Amino acid sequence: MHLLNADLHCHSRYSDGTLTPTALAERASRNGVALWALTDHDETRGLAEAAAAATALGMGFLSGVEISVTFAGETVHIVGLGFDAADAELAQGLARTRGGRTARAHEMAEGLARVGLPGAYEGALRYVSNPDLMSRTHFARWLVDTGVCADTGSVFRRYLTEGKPGYVTHRWAALGDAVRWITQAGGLAVIAHPGRYKFSVNEEFALFSEFKAHGGRGVEVLTGSHSAADTLKYGAMAQEFGLLASRGSDFHSPGESRIDLGRLPDLAGTLQPVWQALAHRVQRTAVASLT
Ligand code: AMP
Ligand code: MN
Ligand code: MN
Ligand code: MN
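None of the values given here were measured: they were computed from a predicted structure.

J.: Help me understand the overall build of the protein in this model?
T.: When helices and strands are counted, the protein shows 10 helices and eight strands. On C-alpha atoms alone, the protein measures out to a radius of gyration of 18 Å, which is about the 19 Å that the 2.2 N^0.38 rule sets for 291 residues. In terms of principal-axis extent, the alpha carbons of the protein reach across some 55 × 45 × 40 Å. At a minimum sequence separation of 6, the contacts of the protein that also span at least 24 residues come to 73%. Accessible surface for the protein amounts to roughly 12000 Å². Of this, 51% is attributable to carbon and sulfur atoms. Positive and negative side-chain charges in the protein, numbering 27 and 30 respectively, have mean positions lying 2 Å apart.

J.: Got a minute to help me understand unusual backbone geometry in this structure?
T.: Most peptide bonds take the trans configuration, and most residues that are not glycine carry a negative phi. Positive phi, normally seen in glycine, also occurs at Asp 42, with a value near 50 degrees. Checked against the element boundaries, Asp 42 lands in the loop between strand E2 (35–37) and helix H2 (47–56). Phi is positive for Ala 72, close to 50 degrees, though the residue is something other than glycine. Within the element layout of this structure, Ala 72 appears in the loop between strand E4 (64–71) and strand E5 (74–81). Since its relative accessible area comes to 49%, Ala 72 is described here as partly exposed.

J.: Explain the coordination of the manganese ion (ligand 4) here, please?
T.: Coordination of the manganese ion (ligand 4) by the protein comes from His 9 (NE2), His 11 (NE2), Glu 66 (OE) and Asp 250 (OD), over a distance range of 2.1 to 2.2 Å. For the manganese ion (ligand 4), all donor residues lie on one chain, and their spacing in sequence is H-x1-H-x54-E-x183-D.

J.: Help me understand the sheet that holds E2, please; the structure alone is not making it clear to me.
T.: Strand pairing in a sheet is mediated by backbone hydrogen bonds. Such pairs are either parallel or antiparallel. Spatially, three strands are ordered E1-E2-E3 in an open sheet, and the strand pairing comes out parallel. The sheet is open, and its two borders are formed by strand E1 (6–7) and strand E3 (60–62), each paired with just one other strand. Taken together, the three bridges between E2 and E3 define a ladder with parallel strand orientation. Within the sheet, the bridge partner assigned to Ala 37 lies in E3 and is Leu 62.

J.: Whenever I open this one, the nonpolar core confuses me. Can you help?
T.: In a soluble, globular protein the nonpolar side chains are often hidden away together inside. In this structure, Trp 36 and Ile 67 are the most contacted members of the largest nonpolar core, which totals 67 residues. When neighbours within four sequence positions are excluded, Ile 67 is seen to be in contact with Asp 42, Val 76, His 77, Ile 78, Leu 90, Leu 94, Ala 173, Ala 178, Trp 181 and Ile 182. In terms of nonpolar packing, the next biggest core, distinct from the first, is built from 19 residues, Tyr 121, Met 134, Trp 142 and Leu 143 among them.

J.: Can you walk me through the pattern of salt bridges in this structure?
T.: Proximity of charged atoms lets side chains of opposite charge pair with each other. Scanning all chains against the criterion turns up eight salt bridges. Here Arg 98 ties to Glu 43 by a salt bridge, and the two come within 3.5 Å at their closest N and O atoms. Linking Arg 98 in helix H3 (residues 88–99) with Glu 43 in the loop between E2 and H2, this pair joins segments that are 55 residues apart in sequence. As far as burial versus exposure is concerned, Arg 98 and Glu 43 are alike and both buried. Within the structure, one salt-bridge network assembled from shared partners comprises Glu 89, Asp 177 and Arg 180.

J.: For this particular structure, what's the right way to read the packing of aromatic side chains?
T.: Each aromatic ring pair is characterised by the separation of its centres together with the angle its planes make. Taken as a whole and assessed by the stated rule, the structure comprises six aromatic pairs. Centroid distance Phe 71 to Phe 199: 6.1 Å. Interplanar angle 85 degrees. Geometry classified as edge-to-face. Taken together, the residues span a long stretch of sequence, with Phe 71 in strand E4 and Phe 199 in the loop between strand E6 (188–191) and helix H9 (201–213) at a distance of 128 residues. The exposure class of Phe 71 is buried, given its relative accessible area of 9%. Ring pairs connect the aromatic residues Phe 205, Phe 208, Tyr 234 and Phe 241, which therefore count as one cluster.

J.: In this structure, what is going on with the coordination of the manganese ion (ligand 3)? I would like to understand it.
T.: For a metal bound by four donors in a tetrahedral arrangement, the ideal donor-metal-donor angle is 109.5 degrees, while six donors in an octahedral arrangement ideally sit at 90 or 180 degrees. Those protein atoms acting as donors to the manganese ion (ligand 3) are Glu 66 (OE), His 77 (ND1) and His 193 (NE2), and they sit at 2.1 to 2.2 Å. Sequence spacing of the donors to the manganese ion (ligand 3): E-x10-H-x115-H. Between the manganese ion (ligand 3) and the manganese ion (ligand 2), the interatomic distance is 5.5 Å. One end of the pair, Glu 66, is in strand E4; the other, His 193, is in the loop between E6 and H9, with 127 residues separating them in the sequence. The exposure classification of Glu 66 matches that of His 193, with both residues buried.

J.: What exactly am I supposed to notice about the site of ligand 1 here?
T.: Residues in close proximity to ligand 1 include Asp 16, His 41, Arg 101, Arg 104, Ser 135, Arg 136, Thr 137, Phe 156, Arg 196 and His 252, which together make up its full environment. Within the side chain of Asp 16, one N or O atom sits 3.0 Å away from an oxygen atom of ligand 1. Between ligand 1 and Arg 136, the relevant distance is 2.8 Å, taken from an oxygen atom to a side-chain nitrogen or oxygen of the residue. If ligand 1 stood free it would expose 500 Å²; the protein chains cover 79% of that surface. Looking at the shell around ligand 1 residue by residue, the classes come out as one nonpolar, four polar and five charged. Two domains share the shell around ligand 1, each providing at least three of its residues, namely domain 1 (6–97 + 172–290) and domain 2 (101–160).

Conventions we followed
- Residues numbered from 1 in each chain as written.
- Chains lettered and ligands numbered in written order.
- Predicted model: local features only at pLDDT ≥ 70, side-chain atom pairs only at ≥ 80, totals over all residues.
- Heavy atoms only, no water.
- Helix = DSSP H or I, 4+ residues; strand = E, 2+ residues; numbered from the N terminus.
- Rg over C-alpha atoms; globule rule 2.2 N^0.38 Å.
- Contact = heavy atoms within 4.5 Å.
- Areas by Shrake-Rupley, 256 points an atom, 1.4 Å probe, with all protein chains shown as cover.
- Lys, Arg positive; Asp, Glu negative; His and termini not counted.
- Charge placed at Lys NZ, Arg CZ, Asp CG, Glu CD.
- Buried < 20%, exposed > 50% of the residue type's maximum accessible area, 1.4 Å probe, protein only.
- Donors = N, O, S within 2.8 Å, 3.2 Å for Na, K, Ca; no water.
- Pairing = 2+ DSSP bridges.
- Core = buried A, V, L, I, M, F, W, Y, C linked by side-chain atoms within 4.5 Å.
- Salt bridge = Lys/Arg side-chain N within 4 Å of Asp/Glu carboxyl O.
- Phe/Tyr/Trp six-rings, centres within 6.5 Å; stacked < 30°, edge-to-face > 60°.
- Near = heavy atom within 4 Å.
- Polar contact = N/O pair within 3.5 Å; in protein donor to acceptor, adjacent residues only side chain to side chain.
- Nonpolar A, V, L, I, M, F, W, Y, C, P; charged D, E, K, R; others polar.
- Domains from an automatic or database assignment.

If you want it as structure tokens, here you go:
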């Protein structure tokens, strides 16, 4: 069952992806995905459409979300899978987490204006389809389309990462709150793309230990931004910490994402897949075997 083509991390227009949930479901299905989750940033509004589209295509579906968290002064992302999207505490927590984004976007635009890039707020807003969810990605797309940078990667390097003119320090949710919102809504919490954080060995150990102590259950071993070395390292850490292993492309857009939906390597047979613990939460028409 570690060979199941599961893709449990991607983004739609309800956050910083460019496709609708339906278009994502069709793309995932075309690429052979058998179990899919939509995980928009701090937002669950796309899940009903995603579930309907997945079910119509005969593809297993899990509710998903990617919660922005501040841990040890860094932004960490926690993916929630298989929760009840109608849960009130989760909904309130996500609303609070989204809440600071508009003010942050104005501050980002002020920073960019100071280095000769006026009008960034209005520019980025043209790429936003969910007004509650203005993200750095929308600024990046505007800066690419106006010819300031050649691609989104260089926008982040020049303008949108710590110490750069468009970067604004922001306080997101607490780790324990995010894990609790997901867990008490019946879901399973997963550390997203651990290879992307700039933590020391001690900070990383603290993240994994505290995540586990709060009831976190899984870690992404396979994700679009991991190197082969990252995959090995976080596979070993999953085993060391007794965490389930997840697999997700983190697909955002056909033109931008390096890894397409469902196009990741297989999970190593020595790891326990996260979907083993989620079989009872999968929404599907015909129940095929996941175990
Ligand atoms: P935000 O939640 O507004 O801080 O935006 C974070 C999003 O920016 C991530 O989910 C990615 O989609 C995107 N992102 C972050 N770093 C990079 C990067 N170096 N290159 C391209 N996209 C990035
Ligand atoms: Mn994103
Ligand atoms: Mn992320
Ligand atoms: Mn993501």
